[in-house]
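Remarks on the overall topology
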Amino acid sequence: MRWRRLEADSPPSPRHGHTSACVRSEVWDGEMVVVHGGEDLADARGPGKLLEDVVVYHLGSQRWFRPVEGVQGNEGEEKDGPGPRAHHVCFVVGSSLYVVGGKKPDGPAADVWKLDTNTWRWTQVTEEREGRPSARSAAAVATSADEKHVVLQGGSNGSKCLGDTHVLHLEGWTWSALPTGNTGPSPRSHHTINIINGHVLLFGGKGSSGAALNDLWVLKEFKTGKDCTWSKLDIPGTTPTGRWGHAAVSTATAVIFVGGRGDSGWITKKEVYYDNVVVINRASVQWMHAVGLTGPTACMCHALTMLRSANQVLLIGGFDGKSSLDQTWLLEEGNDNDGITKQTFSSSSGTGQENQSSKVWKTLGEFGQGILNKVQKGSPRVHQESQMLLEAPVPQLRLDEVASTVFPSEEMSILRKKLGLQPHCKTHLVAEATGDREQDPLDLKCIERTLRKKPHEIEMHELPRLMEHYKHMVRSKGTQRTDSSNHLPRFYHLEIEELRVREIAELVEAFRTYYSFAGSIPNEGPDRR
């Protein structure tokens, strides 16, 4: 799997929140990618310009062209088209492209428009208004393989996120709202859905609180509307960090997720834009993370389109936190049997331990990214590749062995020094499940053995137990202080997933010196018993 820049004249202008779909037309001899609308934001501090143009990429000739020049009319004259909009959704039936809803100048919309790609003429679909989804933007949509059903889920109506699910039955062009109960995914926008083997797969999105989500859900029996319920999935591999504004496509072998926006930091949240590629392998049904890819600028609200005849995925546009982009890239899956090469992807073995390690690994990734920004400030290649590397699951693997594949030796020595690692020490990234062990005396001995180690010798799976007993000691001996401060220790307020690697040494030192039982524990040195 690799990224390749699409070199073609006159690509779409900078935009994000646009739609893109692959349409097959006998009139135009083959497949075309039809791009519509979006938003052009030149400055993140200012308002964006909503777009209404149609831009087409013809796969046969490998050229961009514009069959509809913005659908412009005279002032006061009714325009023949959907008008400027962004964050709408689209689907394809035959050689026609349909767009639904989105953000218009006067707010969210609920209208449906059809673009006949044989004539490039727009017509508004007015049949069967009953049951049609309410006005919304940033919803998710997917079409069944037999092109008989379209599923539309969630979105935002401008004041709140939505959680309803609707099905459009194309044979009669009738909408129906699915009675999925109250156990499904929480209301959200900017998420993705795909239909796999007749089931709807939902991932991520922006929640009502603004949080970036990373939950995975499946909806069965959506075609009939009977006994259809959402079920939350917990599949092997390391779940990607929370994100919204990402894009996803389904291929014969995998569901591919690219980019999106997330949050980092535990005191002050910072927005983070991703450029990584994560897949669900359809054969093994597990998460897998791409490593070592160089491609598009990290962004959100881009469009991702599957080109089935070419076995490629086309990425168009996006927003990088500063401005809209005009990038166009092709992701080539390769010719390997399962569409995923061992050289390109890293996956965990699928045990319960690795699922629990994802939070610890996320913390390492956030801290590591901060280190990398200091180590190689101004180096796009290292920043891009290291972000992807640090998000990949690397359970029970030497950090220096992994990082050396990206960093030159002198950079790795700086990173190792900042992390407090010896040249060949192992930093295990598997978080061990811990039950209620506060009354277990054998567990206390484990804690003492951990405290006899140097910080860089402590393995990640030891941290949950250490943090658990640290909080227990604070609750039971919080008044037995070695100083005159009346404040609770700083680590008492943290969860294990919020602990950063650079803070491990401080946590160990606090545990050693803060409480009376630690007085007999040596300050450093490995356990030799």
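See the structure printed just above.
In this report, the structure presented in the accompanying data block is examined. (Residues numbered from 1 in each chain as written. Predicted model: local features only at pLDDT ≥ 70, side-chain atom pairs only at ≥ 80, totals over all residues. Heavy atoms only, no water.)

Topic: unusual backbone geometry
As a reminder, the rule being used: Where helices and strands are cited, they refer to DSSP runs of H or I of at least four residues and of E of at least two residues respectively, numbered from the N terminus. Buried, partly exposed and exposed residues are distinguished by accessible area as a fraction of the type maximum, computed with a 1.4 Å probe on protein chains only: under 20%, between the cut-offs, and over 50%, respectively.
Even without being glycine, Gln-62 reaches a positive phi, approximately 55 degrees. Mapped onto the elements, Gln-62 comes out in the loop between β4 (49–58) and β5 (63–68). Phi is positive for His-190, close to 55 degrees, though the residue is something other than glycine. The exposure class assigned to His-190 is buried, which follows from its relative accessible area of 17%.

What about the nonpolar core?
The condition is simple: As used in this record, nonpolar core signifies buried Ala, Val, Leu, Ile, Met, Phe, Trp, Tyr and Cys residues forming a set joined through side-chain atoms within 4.5 Å. Working rule for contacts: check all heavy atoms of both residues, and any pair within 4.5 Å makes them a contact.
Trp-3, Ile-256, Val-258, Val-277, Leu-304, Val-313 and Leu-331 are the most contacted members of the largest nonpolar core, which totals 18 residues. Among the elements that line this core, the one with the most residues is strand β20 (residues 254–264), at 3 residues. Beyond its immediate sequence surroundings of up to four residues, Trp-3 is in contact with Val-258, Val-277, Leu-293, Thr-294, Gly-295, Pro-296, Leu-315, Trp-329, Leu-330 and Leu-331.

Here we look at the pairing of strand β6 (residues 89–93)
Just so we agree on the cut-off: Pairing between strands is defined by DSSP: at least two bridges between them are needed.
Extensive coverage of β6 is indicated by the burial of 4 of its 5 residues. Remark: 2 residues form the turn of the hairpin made by β6 and strand β7 (residues 96–104), two consecutive strands paired antiparallel; Gly-94 in that turn has positive phi of roughly 65 degrees.

Here's the deal with the environment of Gly-260
Inspection of the secondary structure assignment puts Gly-260 in strand β20. Residues Gly-260 and His-191 lie 69 residues apart in sequence; the distance between their C-alpha atoms is 9.6 Å. Once residues within four sequence positions are removed from consideration, Gly-260 is found in contact with Trp-244, Gly-245, His-246, Val-272, Tyr-273, Tyr-274, Cys-299, Met-300 and His-302.

Observations regarding the packing of aromatic side chains
Where we set the bar: Within 6.5 Å between ring centres, the rings of Phe, Tyr and Trp (the latter by its six-membered ring) count as paired, and their orientation is classed by plane angle as stacked under 30 degrees, edge-to-face over 60, tilted in between.
Inspection of the entire model under this criterion finds 11 aromatic pairs. Judged by centre distance (5.9 Å) and plane angle (50 degrees), the ring pair of Trp-28 and Trp-120 falls under tilted. Highlighted residues: Trp-28 in the loop between β2 (19–25) and β3 (30–40) and Trp-120 in the loop between β8 (107–116) and β9 (121–125), separated in sequence by 92 residues. On the basis of relative accessibility, which here comes to 32%, the residue Trp-28 falls in the partly exposed class. Here Trp-120 falls in the buried class, since its relative accessible area comes to 11%.

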